[in-house]
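So the chains spell out like this:
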Amino acid sequence: MADEKPKRKRKPPTKKVPMPEQDPDVRRRNFEEVALGYTAEQAIEEAMKCLQCRNPKCISGCPVEVPIKQFVELVQEGKFVEAAMKIKETNSLPAVCGRVCPQETQCEASCIYGIRNEPIAIGRLERFVADFARQKGEDLPELPPKIGKKVAVIGCGPAGLTCAGDLILLGYDVTIFEAFHKGGGVLQYGIPEFRLPKDIVDAEIEYLQRLGVDIKYNFVIGKIRTIKELMEVDGYEAVFIGSGAGAPNFMHIEGMNLVDVFSANEFLTRVNLMKGYRFPEYDTPVNIGNKVAVIGGGNVAMDAARTSLRLGAEEVYIVYRRAREQMPARAEEIHHAEEEGVQFKLLMNPVEVLGDGAKHVIGMKCIRMELGEPDASGRRRPVPIPNSEFVLDVDMVIVAIGNSPNPIIPSTTPGLSVSKWGTIEIDEETGMTTVPGVFAGGDIVTGAATVISAMGAGKRAARGIHEYLSKN
Amino acid sequence: MYEITKKKVLANVGGARTTLMVVKAPDVARVCLPGQFVMIRVNETGERIPLTVADFDRDRGEVTIVFQEVGKTTKLLGTLEEGEFIQDFVGPLGKATPADKKYGTVVAIGGGCGSAIAYPVARAFKDAGNYLITINGARSMDFLIYRDEMKSISDEWYETTDDGSCGVHGFVTTVLADLIEKGRDIDLVFAVGPVPMMKFVAKTTESKGIHTIVSLNSIMVDGTGMCGACRVSVGGQMKFSCVDGPEFDGHQVDFDELMRRLEAYKEKEAISLEEWEKQAGGR
């Protein structure tokens with residue numbers, strides 16, 4: 001009949017403006033950054049899609065409370081430097097977060113526009129404005145008058161830098177004590193250049209120094225000076241411990257001490273912090289096999305695998321005991337690794353690394369696994385399939401199965417309560433430990449987690465410290 | 001930056017030098033103890049290497065290091081003169097020797113460059129009231145270092161050289177085995193030096209059940225327990241030299257594994273040295 005209603009036409013769901021990237025076949029052999037970043041036009045195009053919701057949900061998904069709606073609006077207007085300043089009101093490290101945050105599970109997961117479409121590419125926009133402002137040269141915000149109280153921050157990683165950044169903006173005198181000769185923690189020694197260029201990490205740290213944060217390098221707190229001395233002798237009225245996840249875990253199987261078995265920490269530290277990929281221009285050597293197995297399924301495992309390719313390994317395997325869906329690594333990292341040629345050996349668990357008489361690796365014996373009943377974490381538990389052992393032909397093994405807390409600070413700080421795993425126990429609300437005036441956050445509290453969760457903890461502790469020092 | 005306030009070549013045999021440096025590092029000097037080590041990086045492109053503390057002066061804020069110039073990093077370090085600076089100097093790391101206790105009779109053994117490290121430990125044993133026997137060993141007389149220092153603190157003092165050019169002709173274990181054979185009552189042996197030496201010292205004392213501490217020189221990157229490069233098997237368990245050591249029960253250490261692990265970067269180390277000598281001609 002004639003009164004048939006015309007169908008309401010809905011626009012097809014939109015996608016994010018794609019991120020320009022280096023070609024996988026080229027980038028798998030160089031250390032330059034994989035993602036190239038938006039142009040100004042691309043940034044504006046992406047930002048224009050933002051609905052500027054009256055009650056935005058995105059910000060609640062951000063552990064460091066970035067005013068996302070406001071900064072995206074400034075991008076829409078082409079005010080990129082202002083947008084960067086807006087982010088820096090709550091986040092000291094936007095160029096870092098724009099690159100390594102898992103936005104898909106945070107801000108972008110709550111994006112209202114993203115209900116029907118791909119969400120607004122908040123991470124890519126954050127990265128763009130941070131890079132733009134840095135290249136342009138950033139002015140410093142106006143700082144409040146000095147409160148006249150000193151705070152010590154232990155560890156110059158994401159947690160410590162965030163805590164220091166927030167405290168300096170509040171008017172405290174802040175000193176960071178760093179064990180290494182460079183700042184950044186995992187941003188410096190762990191995450192590779194091709195994912196997070198070190199110039200950018202250095203620049204973000206330099207910005208904090210310009211704000212007045214003092215950094216003392218080569219300072220292993222707990223060894224050279226104790227927390228008690230910092231407070232009682234040196235006059236620090238509060239201390240934040242952000243010393244990170246220290247000791248690399250190894251598997252309890254034969255062959256872990258063979259010469260060609262490395263922790264991901266060692267391998268990546270040699271390459272990133274010590275610039276071993278530029279040996280012999282830099283003195284620190286790094287060995288690479290022809291066939292490399294990386295044990296583990298997290299972001300660190302992906303970093304180690306992709307670094308191995310770039311150092312010249314012919315075959316690189318990720319050996320992971322569960323299935324693909326259960327890998328803790330970001331989807332983007334898995335995708336990038338796969339594009340570059342990393343091979344995934346899933347549902348396999350190493351049972352022994354085989355060595356020759358000179359303790360060199362000649363293979364890795366694995367057993368096939370299948371998924372059984374869900375375990376305590378809700379993931380289906382992998383169980384070995386009987387008599388399914390086989391030998392994977394490899395000549396180097398990198399172990400990337402997490403870290404345990406470093407014992408140096410807990411063992412030299414009387415009264416500091418630690419869990420049975422060695423992590424420091426804190427008041428969730430304030431970040432304060434069992435020692436009054438001593439706060440903690442990041443991997444030393446949670447065990448190995450993400451950059452952004454450590455930053456969130458640093459922010460929470462800064463607030464806790466401010467409250468504590470305002471009362472005392 | 002850490003200033004070198006004193007430099008002295010302790011031994012120089014055909015260009016193979018053992019060098020002593022006193023470094024201004026007041027924060028380290030304030031708290032370091034015998035048996036602990038520092039991580040150093042010579043310059044901006046340098047690698048981090050561990051060096052055991054050879055001495056310290058808390059009042060002057062100085063730490064002494066002694067090193068054999070064998071690879072690029074140690075040779076490069078050896079080119080620095082008094083008044084020049086070491087880029088990074090981190091410490092004190094590792095556990096101190098439990099040398100402040102009275103055991104009875106203690107034998108402290110230093111081999112080659114290890115004599116410099118054995119010295120402050122031996123002195124601490126002496127200060128704690130132990131009867132101190134020292135054995136100072138080297139390939140030949142020209143390689144013997146810390147001779148007067150060792151002598152001055154010892155109740156009994158021996159020197160050995162592989163070639164017999166000075167003291168007892170033989171190894172440190174020649175003297176040690178002799179002491180044991182004579183039925184001397186030894187309560188503790190401390191040994192630091194080349195891995196084979198420590199291995200044979202431990203073998204020599206094992207049958208008599210004499211507790212033997214050895215100080216390991218594993219490869220390290222950070223030196224604070226973060227990288228695991230320094231892992232070593234002790235009594236079948238994985239230990240990290242940097243935080244669990246550097247000293248361990250010599251009867252429990254897998255020395256053969258340690259020797260293999262120390263050779264992990266042998267080829268790269270040779271390239272590094274060769275490149276440097278080609279480009280810099282030694283400086």
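Note that the structure is a prediction, hence the values are computed from the model and not measured.

Trainee: Tell me about the packing of helix α2 (residues 72-79) of chain B against helix α9 (residues 266-280) of chain B, residues and numbers included.
Mentor: All names here are of chain B. Orientation of α2 relative to α9, taken along the N-to-C sense of each, is 35°, at an axis distance of 9 Å. Taken together, the residues of α9 that come into contact with α2 (itself represented by K72, K75, L76 and T79) are S272, L273, W276 and E277. In terms of residue class, the contact of α2 with α9 is made up of 3 nonpolar, 2 polar and 3 charged.

Trainee: Give a detailed account of the environment of A280 of chain B, specifying residues and quantitative values.
Mentor: Summarising the element assignment, A280 of chain B is placed in helix α9. Here the alpha-carbon distance between A280 of chain B and Q87 of chain B, two residues 193 residues apart in the chain, equals 19 Å.

Trainee: Break down the domain arrangement of chain B for me, with residues and values.
Mentor: All names here are of chain B. Domain assignment breaks chain B into domain 1 (2-93) and domain 2 (105-263). Summarising the inter-unit geometry, the C-alpha centres of domain 1 and domain 2 are found 21 Å apart. Listed as interface residues are 21 residues of domain 1 and, on the opposing side, 22 residues of domain 2. Across the domain 1-domain 2 interface, the total number found is 3 residue pairs in polar contact (both at pLDDT 80 or more). If you list the elements that add at least two residues to the side of domain 1 that touches domain 2, you get β1 (2-13), β2 (16-24), β3 (37-41), β4 (48-57) and β5 (62-68). A total of 6 residues in the side of domain 1 that touches domain 2 trace back to one element, the largest contributor, which is β4. Here the residues of the side of domain 1 that touches domain 2 sort into 14 nonpolar, 5 polar and 2 charged.

Trainee: Give a detailed account of helix α4 (residues 80-88) of chain A, specifying residues and quantitative values.
Mentor: All names here are of chain A. Among the residues of α4, F80, A83, A84, I87 and K88 are the ones counted as buried. Buried residues of α4, seen end-on, are gathered within an arc of 140° and therefore sit on one face of the element. Looking at the buried positions of α4, the neighbouring elements they touch are α2 (40-48), α3 (68-76), α5 (94-100), α6 (122-136), α7 (158-170) and α9 (198-210).

Trainee: Help me get a handle on the interface of chain B and chain A, residues and values and all.
Mentor: In this assembly, 47 residues from chain B lie in contact with 42 residues from chain A. Of the roughly 3800 Å² buried between chain B and chain A, counting both surfaces, carbon and sulfur atoms make up 55%. At the boundary of chain B and chain A, one finds 2 salt bridges. Of all the secondary structure elements, the ones that give two or more residues to the side of chain B that touches chain A are α1 (26-31), α2, β7 (88-93), β14 (231-234), β15 (237-240), α8 (255-262) and α9 of chain B. The element contributing the most residues to the side of chain B that touches chain A is β7 of chain B, with 6 residues. Class assignment for the residues of the side of chain B that touches chain A results in 20 nonpolar, 12 polar and 15 charged.

Parameters and conventions
Residues numbered from 1 in each chain as written. Chains lettered and ligands numbered in written order. Predicted model: local features only at pLDDT ≥ 70, side-chain atom pairs only at ≥ 80, totals over all residues. Heavy atoms only, no water. Axes fitted to C-alpha atoms, helices over the stretch in contact; angles between N-to-C directions. Helix = DSSP H or I, 4+ residues; strand = E, 2+ residues; numbered from the N terminus. Contact = heavy atoms within 4.5 Å. Nonpolar A, V, L, I, M, F, W, Y, C, P; charged D, E, K, R; others polar. Domains from an automatic or database assignment. Polar contact = N/O pair within 3.5 Å; in protein donor to acceptor, adjacent residues only side chain to side chain. Buried < 20%, exposed > 50% of the residue type's maximum accessible area, 1.4 Å probe, protein only. Arc of directions from axis to C-beta. Buried area = accessible area lost by both parts, 1.4 Å probe. Salt bridge = Lys/Arg side-chain N within 4 Å of Asp/Glu carboxyl O.

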